[in-house]
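Descriptive analysis of the structure
Here are the chains, one letter per residue:
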Amino acid sequence: MMLIFWTIVIITFFIISLRVNSCNCKPKENYAICNKCGESIEEEYNYCPSCKTQIKKQCDNCGMKISTNWRHCPYCDN
Ligand SMILES: [Zn+2]
Ligand SMILES: [Zn+2]
């Protein structure tokens, strides 16, 4: 009987740990945060869908989309 009891305990802990691991508390890596309203935005977006703040701008030199916070383009070292 003790074996069955411990098996249930181990399975229960296993299920709990799985639920903890699948917790989506942290924002996804390919998500940016709007500086103005704090909304999480997909990296592809140029404007925040919540407050219309511009998030991305185009590099004058290479045309890549870069964050408005960045002074220098990371793609072409402009
Ligand atoms: Zn916003
Ligand atoms: Zn560039």
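A brief structural summary.

Helix and strand counts for the protein chain come out as one helix and four strands. Secondary structure elements in the protein chain, listed N-terminal to C-terminal, are α-β-β-β-β. Across the 78 residues of the protein chain, 4% fall into the buried class. For the protein chain, the share of sequence-separated contacts (at least 6 apart) that also reach a separation of at least 24 residues comes to 0%.

Turning our attention to the environment of K36. Along the chain, K36 turns up in the loop between β1 (31–33) and β2 (40–42). For K36, a count of 13 C-beta atoms within 10 Å corresponds to the partly exposed category. In this structure the C-alpha to C-alpha distance between K36 and C48, which are 12 residues apart in sequence, comes to 9.0 Å. The residues touching K36, leaving out its near neighbours within four places in the chain, are C48, C51 and T53.

Quick notes on the rules
- Residues numbered from 1 in each chain as written.
- Chains lettered and ligands numbered in written order.
- Predicted model: local features only at pLDDT ≥ 70, side-chain atom pairs only at ≥ 80, totals over all residues.
- Helix = DSSP H or I, 4+ residues; strand = E, 2+ residues; numbered from the N terminus.
- Buried ≥ 20, exposed ≤ 12 C-beta atoms within 10 Å, placed from the backbone.
- Contact = placed C-beta atoms within 7 Å.

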